[in-house]
Amino acid sequence: MTTTIAPPEPQAPAVPARRADRRSGAGSGVRTLVSPLALASRRGRAVYWSVFGLVLLLFVLAFLFPVYWMATGALKSPDELNRNPPTVAPEKWHFGNYGEAWNLMQLPDHLWNTVVQAAGAWVLQLVFCTAAAYALSKLKPVFGKVILGAILATLMVPAQALVVPKYLTVADLPLLHTSLLDNPAGIWLPAVANAFNLYLLKRFFDQIPRDVLEAAEIDGAGKLRQLWSILLPMSRPVLGVVSIFALVAVWQDFLWPLMVFSAAPDHQPISVALVQLSQDVPQTDLIGAMVIASVPMVVMFLVFQRHIIAGISAGSTKG
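Here goes a summary of the coordinates provided. Model, not experiment: these values are computed from the prediction.

1. Considering a positive patch on the surface
Line of reasoning, step 1. A surface patch of like charges, here positive, comprises Lys-140, Lys-145, Arg-210 and Lys-223.
Line of reasoning, step 2. Along the chain, Arg-210 turns up in helix 11 (residues 210-218).

Set out below in structure tokens:
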């Protein structure tokens, strides 16, 4: 007696679950403001892109229109600048206002003063903050956590409360009994004590695996060589972020340079000089000087924006 086994019935190929969920718009686990079903229709896509374009346009106007208004304000005549209602674009373009502002407000000298002060603060801050962050992160000194906590506690103190102690310290430097007033060192030394940048560097160093440094130590590299040849090349993104913060902080500061260089107007940075000389120049020239003073920071941000984004993303991930 023989038994006949019927062959299995052919089945349709199974659709992968991920593809099926993608088609149905379910199972993605991501909540969005507009559902995939609404975006599937032509009307839904039209409404979505219209609202998105309108919001993007409003943000662009909110950020770029003040820049445009400042740049074109320097190209107007004084009468047109004070006209009510104001004109959106200059009726006659006065490009010579920028040249007058450059010479009348002595911008080359004050820009050079700002560059010297910002560059010195940047170099010293990179050197000392990087060394301190490396020591706290990798060398593990005694009472390292207590020291770090004390450094971070200074972030809780308002900057205005530290102005008088800093001024008294700079006016009569302890132990040396010398004054740093009317000297770029009066800007450099207080800028070195930046707890935020130190903490930013330490957090980045903490994410670098210990095995990398141990391998270098086996090869005979000392602590300083590990910092110079391994950690610093790996830390270029965060060093770019710290550099931007350090330069912008000095470039835009007003109160502290005003106090340090109160007796030496020729050594004042551009932020202080614009205010000191604003009473004796036309308003169009003053606006032109403000545009010129803001150009270096804008150019620096455009050049190093890739490093800024990389540094922020590197500091937000681990491993």
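Once you've had a look at it, read on.
2. A look at the layout of surface pockets
Line of reasoning, step 1. Its volume calculated, the largest pocket comes out at about 1000 Å³.
Line of reasoning, step 2. As for the largest pocket, its lining consists of 31 residues, of which Ala-159, Lys-166, Pro-190, Ala-193 and Asn-194 are closest to the centre.
Line of reasoning, step 3. Looking at the lining of the largest pocket, the elements with two or more residues in it are helix 6 (107-139), helix 8 (163-171), helix 9 (185-192), helix 10 (195-206), helix 13 (236-252) and helix 14 (255-260).
Line of reasoning, step 4. Among the elements that line the lining of the largest pocket, the one with the most residues is helix 13, at 6 residues.
Line of reasoning, step 5. In terms of residue class, the lining of the largest pocket is made up of 23 nonpolar, 6 polar and 2 charged.
Line of reasoning, step 6. In this structure, the second largest pocket occupies an estimated 280 Å³ of space.
Line of reasoning, step 7. Around the second largest pocket sit 14 residues that line it, and Trp-122, Ser-243, Leu-247, Met-300 and Phe-304 are the ones nearest its centre.
Line of reasoning, step 8. Broken down by secondary-structure element, the contributors of at least two residues to the lining of the second largest pocket are helix 6, helix 13 and helix 16 (283-316).

3. Here's the deal with helix 10
Line of reasoning, step 1. Here helix 10 contains 12 residues, and its C-alpha end-to-end distance of 16 Å stays within 8% of the 16 Å for a straight helix at 1.5 Å per residue.
Line of reasoning, step 2. Looking only at helix 10, the buried set comprises Ala-195, Asn-197, Leu-198, Leu-201, Lys-202, Phe-204 and Phe-205.
Line of reasoning, step 3. You can read the cap of helix 10 off the contacts: a side-chain oxygen lies 3.2 Å from the backbone nitrogen of Phe-196, and it is on Asn-194.

4. Observations concerning the environment of Val-170
Line of reasoning, step 1. Relative to the helices and strands, Val-170 is located in helix 8.
Line of reasoning, step 2. Separated by 17 residues in sequence, Val-170 and Ile-187 place their C-alpha atoms 9.3 Å apart.
Line of reasoning, step 3. The contact partners of Val-170, leaving out residues within four places of it in the chain, are Thr-178, Ser-179, Leu-180, Leu-181, Gly-186, Pro-190 and Trp-256.

5. A closer look at the pattern of salt bridges
If charged atoms from side chains of opposite charge come close, those side chains can pair.
Line of reasoning, step 1. With the rule as written, the count across this model stands at 2 salt bridges.
Line of reasoning, step 2. A salt bridge links Arg-83 to Glu-91; its shortest N-O distance comes to 2.6 Å.
Line of reasoning, step 3. Relative accessible area serves as the criterion here: at 36%, Arg-83 is assigned to the partly exposed category.
Line of reasoning, step 4. One salt bridge connects Asp-206 with Lys-202, and the closest N-O pair in it is separated by 2.8 Å.

6. Remarks on the packing of aromatic side chains
Line of reasoning, step 1. The full count for this structure, using the stated rule, is 8 aromatic pairs.
Line of reasoning, step 2. Plain terms: the ring middles of Trp-93 and Phe-95 are 6.2 Å apart, the flat faces sit at 15° to each other, and that makes the pair stacked.
Line of reasoning, step 3. When its relative accessible area of 44% is taken as the criterion, Trp-93 is described as partly exposed.
Line of reasoning, step 4. The class for Phe-95 is exposed, based on a relative accessible area of 57%.
Line of reasoning, step 5. Of the aromatic side chains, those joined through ring pairs into one cluster are Tyr-48, Trp-49 and Phe-52.
Line of reasoning, step 6. The lysine or arginine in question, Lys-76, covers the ring of Trp-69, its NZ or CZ lying 4.4 Å from the ring centre.
Line of reasoning, step 7. Over the aromatic face of Trp-256 sits the side chain of Lys-166, whose NZ or CZ is 4.6 Å from the ring centroid.

7. Section: the nonpolar core
Line of reasoning, step 1. Formed by 33 residues in total, the largest nonpolar core has its most connected members in Met-105, Leu-107, Ile-270 and Leu-274.
Line of reasoning, step 2. When residues of this core are assigned to their parent elements, the largest contribution, 8 residues, is made by helix 16.
Line of reasoning, step 3. Apart from residues no more than four positions distant in its own chain, Leu-107 is found in contact with Ala-101, Trp-102, Ile-270, Leu-274, Ala-289 and Ile-292.
Line of reasoning, step 4. The next biggest cluster of nonpolar side chains, apart from the first, holds 21 residues, and it includes Leu-148, Leu-201, Ile-208 and Ala-216.

Procedures and definitions
- Residues numbered from 1 in each chain as written.
- Predicted model: local features only at pLDDT ≥ 70, side-chain atom pairs only at ≥ 80, totals over all residues.
- Heavy atoms only, no water.
- Patch = residues over 30% accessible without salt bridge, like charges linked within 9 Å, V, L, I, M, F, W, Y side chains within 5 Å.
- Areas by Shrake-Rupley, 256 points an atom, 1.4 Å probe, with all protein chains shown as cover.
- Salt bridge = Lys/Arg side-chain N within 4 Å of Asp/Glu carboxyl O.
- Lys, Arg positive; Asp, Glu negative; His and termini not counted.
- Charge placed at Lys NZ, Arg CZ, Asp CG, Glu CD.
- Helix = DSSP H or I, 4+ residues; strand = E, 2+ residues; numbered from the N terminus.
- 1 Å grid on protein atoms, 1.4 Å probe; cavity = no way out; pocket = protein on both sides within 12 Å on 5 of 7 lines; lining within 4 Å.
- Points joined across faces, edges and corners; volume = space filled by probe spheres on them.
- Nonpolar A, V, L, I, M, F, W, Y, C, P; charged D, E, K, R; others polar.
- Expected span 1.5 Å × (residues − 1).
- Buried < 20%, exposed > 50% of the residue type's maximum accessible area, 1.4 Å probe, protein only.
- Polar contact = N/O pair within 3.5 Å; in protein donor to acceptor, adjacent residues only side chain to side chain.
- Contact = heavy atoms within 4.5 Å.
- Phe/Tyr/Trp six-rings, centres within 6.5 Å; stacked < 30°, edge-to-face > 60°.
- Lys NZ or Arg CZ within 6 Å of the ring centre and 35° of its normal.
- Core = buried A, V, L, I, M, F, W, Y, C linked by side-chain atoms within 4.5 Å.

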